[in-house]
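# Per-entry structural report
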Amino acid sequence: MQFFAILMTVLLSSFVAQAQYQGDDVYDPFADYSEFEENNQEEADIHFFKNGRFFNAAFMVGGRMFTGTMGDFQDASFTPGIYLAYFFNLRFALQFSYTFSEHRYSVTGPGFEPIEGNVSYSSMAFDLKYYFNTQNVTRGLADLNPYILGGFSQNYRTFAIQDQTQVAKDDAAGFDFGAGIEIPIARNEMYIGAQFVYSYVNFPTENRQLEDQNQTQTGVFLNGDAITLHAILGINF
């Protein structure tokens, strides 16, 4: 009898310990762990490698105009350019661009000799682009791939005055703000699009009054910002 009592005690204690383990297992933080849960980032990476792009390069054709008095005395002009963009993911890309233009300017008025010539304007820009998520909009709008951009640019001007051999140069940093669209073609290997950029630039000579060839002050200050509008033809890598 004593043997059976001991055996029952051992079995009962074993049963209670097992039941306690199963009950406590519910609160084990590793009990429901799965390496396949919370994998949104992994899915995003897979989608990017399958449908995304790492680089794109584009040729731009369009025009540049100016605001302020620069817009009053300088003509708008044809502005070609190129850019190269690196994609961090499906939404963000870093873009480096270069644009160049030649503008005719003419400053006339009473009391001074007319000032005429050409100005060469070039810009190198580093901009961050953000592409909007268009999965929840209609297909027609989704195919446009809209984006916004912002960044910095370095801008250079060279003034050549008519009938004079000397030129005047200046440069200034600027802030860029813009938007654009990209429409894929050729099975997403290429795209066409459009881009608008406003560059806030403050040249050091904007507070300097223009003088004619006789050093007569004209009362004109060339100040303003640059606006570019381009059509784009690009290729994806």
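What counts as what
Residues numbered from 1 in each chain as written. Predicted model: local features only at pLDDT ≥ 70, side-chain atom pairs only at ≥ 80, totals over all residues. Heavy atoms only, no water. Pairing = 2+ DSSP bridges. Helix = DSSP H or I, 4+ residues; strand = E, 2+ residues; numbered from the N terminus. Phe/Tyr/Trp six-rings, centres within 6.5 Å; stacked < 30°, edge-to-face > 60°. Buried < 20%, exposed > 50% of the residue type's maximum accessible area, 1.4 Å probe, protein only. Lys NZ or Arg CZ within 6 Å of the ring centre and 35° of its normal. Salt bridge = Lys/Arg side-chain N within 4 Å of Asp/Glu carboxyl O. pLDDT = per-residue confidence, 0-100. Contact = heavy atoms within 4.5 Å. Patch = residues over 30% accessible without salt bridge, like charges linked within 9 Å, V, L, I, M, F, W, Y side chains within 5 Å. Areas by Shrake-Rupley, 256 points an atom, 1.4 Å probe, with all protein chains shown as cover.

The pairing of strand β3 (residues 81–87) with strand β4 (residues 92–107) spans 7 bridges and is classified as antiparallel. If you follow alanine 85 over to β4, its bridge partner there is glutamine 95. Turn length for the β3-β4 hairpin, with the two strands adjacent in sequence and antiparallel, is 4 residues. Pairing of β4 with strand β5 (residues 115–131), which is carried by 16 bridges, proceeds in the antiparallel orientation. Bridge pairing in β5 places alanine 93 opposite lysine 129.

Applying the stated criterion to the full structure yields 11 aromatic pairs. On the basis of an interplanar angle of 55 degrees and a centroid distance of 5.1 Å, the ring pair of phenylalanine 92 and tyrosine 130 is categorised as tilted. Note that phenylalanine 92 is positioned in strand β4 and tyrosine 130 in strand β5, a separation of 38 residues in sequence. The partly exposed category is assigned to phenylalanine 92, whose relative accessible area is 34%. A ring pair is formed by phenylalanine 152 and phenylalanine 175, whose centres lie 5.4 Å apart and whose planes are at 55 degrees; its orientation type is tilted. Placement of the pair is phenylalanine 152 in strand β6 (residues 147–161) and phenylalanine 175 in strand β7 (residues 167–185), with a sequence separation of 23 residues. Residue phenylalanine 152 is classed as exposed on the basis of its relative accessible area, which comes to 55%. Three or more aromatic residues joined by ring pairs form one cluster here, namely Phe55, Tyr86 and Phe88. A cation over an aromatic ring shows up here: lysine 129 above the ring of tyrosine 147, its NZ or CZ 4.2 Å from the ring centre. The ring centre of phenylalanine 203 lies 3.8 Å from the NZ or CZ of arginine 157, which sits over that ring.

Applying the stated criterion across every chain, the model contains 3 salt bridges. Here arginine 104 makes a salt bridge to glutamate 116, at a shortest N to O gap of 3.8 Å. Within this pair, whereas arginine 104 is found in strand β4, its partner glutamate 116 is found in strand β5, the two being separated by 12 residues in sequence. By relative accessible area, which is 36% here, arginine 104 ends up partly exposed. The class of glutamate 116 is partly exposed, set by a relative accessible area of 28%. Its salt-bridge partner being arginine 157, residue aspartate 170 comes within 2.7 Å of it at the nearest N-O pair. Here aspartate 170 is found in strand β7, whereas its partner arginine 157 is found in strand β6, with 13 residues between them in sequence. Like arginine 157, aspartate 170 is buried.

Per-chain confidence: the protein averages 82 in pLDDT, with 75% of residues scoring 70 or above. Across residues 19–25, confidence stays below pLDDT 50; counting only partners more than four residues off in sequence or on other chains, it has 1 contact.

This brings us to a nonpolar patch on the surface. On the surface, Phe54, Phe55, Leu84, Tyr86, Phe88, Phe92, Leu94, Leu128, Ile235 and Phe237 cluster together into a nonpolar patch covering about 900 Å² of accessible area. Going through the elements one at a time, β3 and β4 are the ones with two or more residues in the nonpolar patch. Looking at the secondary structure, you find phenylalanine 54 in the loop between α2 (40–51) and β1 (55–66). Residue phenylalanine 54 is classed as partly exposed on the basis of its relative accessible area of 35%.

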